[in-house]
Amino acid sequence: MFTDDAHTATLASWNASKHHPFIQALQAGTLPLSTFRYYLIQDHYYLQAFAKVHELAAQQTTDAAAAAQLRAGAQSLEDGEVANRQTFYRELDITPAEIAATPVAPTNYAYTSHLYRMLVTAGTPGAIAGLLPCYWLYAEIGAELARTGSPVPIYQTWIDTYTANDYTDAMTAQLALTNRVATPENTSALLAAFQKSSWYECHFWQMALDHETWQL
Ligand SMILES: Cc1ncc(C[n+]2csc(CCO)c2C)c(N)n1
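Residues numbered from 1 in each chain as written. Predicted model: local features only at pLDDT ≥ 70, side-chain atom pairs only at ≥ 80, totals over all residues. Heavy atoms only, no water.

- An unreviewed UniProt entry annotates the chain as Aminopyrimidine aminohydrolase originating from Levilactobacillus zymae.
- UniProt annotates the chain under Function (unreviewed entry) with the comment "Catalyzes an amino-pyrimidine hydrolysis reaction at the C5' of the pyrimidine moiety of thiamine compounds, a reaction that is part of a thiamine salvage pathway." (UniProt positions renumbered as here; feature names shortened; annotations may be inferred.)

Next up, the structure:
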């Protein structure tokens, strides 16, 4: 099955994400709030691009069931993560003005550009494979973090987002969709899309720790 092979091929970068200093600090409760704020503001941009790629992929495909699933994925994002984020923004005093005034960071720009690129070069199946690590890796990270939890309530709420049933249902549906659109002809393109997204996921944590900017 495509997703088994993809999981095996990305074990090293998934482990690097799971044990990334950002994740360790979030769990220990030592992650500076300024770093979490940075992550949330950048992730706002990411989530918008993520929803947009779902919508474009749904428009591009002639596979009605895939389009419906992509639109359901975008909806579950709105109902879950995006709704949760409003609470975070309020608690950390992140305003729409601050979000609008913050430039997208290089790694975030590259990751989201990769997702759009997959749509252009590998079609809807390529985009679906590129989007999958986002659902799946966060579910695995959430499940690991949930075992001990975080002493900081806002970090615990973040963890809870990725263990909620609605979220894991969306992830399971996305896994099934990816396997459905994978064919012997597109497997290597889909695997490359999945691997690059996995690499970017790991670098997204580092981007937040570094408060990465375009400054040279
Ligand atoms: C860089 C980055 N990667 C993955 C996620 C997690 N995520 C984003 S959309 C979505 C699907 C349904 O909510 C999931 C799990 C994130 N927030 N930021």
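Topic: a negative patch on the surface
- Residues Glu 78, Asp 79, Asp 166 and Asp 169 make up a contiguous surface patch of negative charge.
- Listing elements by their share of the negative patch, those giving two or more residues are helix H5 (64–91) and helix H9 (165–181). (Patch = residues over 30% accessible without salt bridge, like charges linked within 9 Å, V, L, I, M, F, W, Y side chains within 5 Å. Areas by Shrake-Rupley, 256 points an atom, 1.4 Å probe, with all protein chains shown as cover. Salt bridge = Lys/Arg side-chain N within 4 Å of Asp/Glu carboxyl O. Lys, Arg positive; Asp, Glu negative; His and termini not counted. Charge placed at Lys NZ, Arg CZ, Asp CG, Glu CD. Helix = DSSP H or I, 4+ residues; strand = E, 2+ residues; numbered from the N terminus.)

Structural notes on a nonpolar patch on the surface
- Together, Tyr 45, Tyr 109 and Trp 214 make up an exposed nonpolar region whose accessible area comes to about 340 Å².
- As for its position among the elements, Trp 214 is in the segment after helix H10 (187–210).

Digging into the packing of aromatic side chains
- One pass over the structure, following the stated rule, counts 24 aromatic pairs.
- For the pair Phe 36 and Phe 88, a centre-to-centre distance of 5.8 Å together with 70° between the ring planes defines the contact as edge-to-face. Of this pair, Phe 36 sits in helix H4 (residues 33–60) while Phe 88 sits in helix H5, and the two are 52 residues apart along the sequence. The two residues Phe 36 and Phe 88 agree in class, both being buried. (Phe/Tyr/Trp six-rings, centres within 6.5 Å; stacked < 30°, edge-to-face > 60°. Buried < 20%, exposed > 50% of the residue type's maximum accessible area, 1.4 Å probe, protein only.)

Looking at unusual backbone geometry
- At Asp 93, a residue that is not glycine, the phi angle is positive and equals roughly 55°.
- Along the chain, the position of Asp 93 falls in the loop between H5 and helix H6 (96–101).
- Phi is positive for His 211, close to 50°, though the residue is something other than glycine.
- Relative accessible area serves as the criterion here: at 30%, His 211 is assigned to the partly exposed category.

A look at the side chain of Thr 178
- By the element assignment, Thr 178 lies in helix H9.
- Among the residues examined, Thr 178 registers a relative accessible area of 0% and is labelled buried.
- Those residues in contact with Thr 178 that sit more than four places away from it in its chain are Phe 2, Thr 3, Ile 128, Ala 129 and Leu 132. (Contact = heavy atoms within 4.5 Å.)

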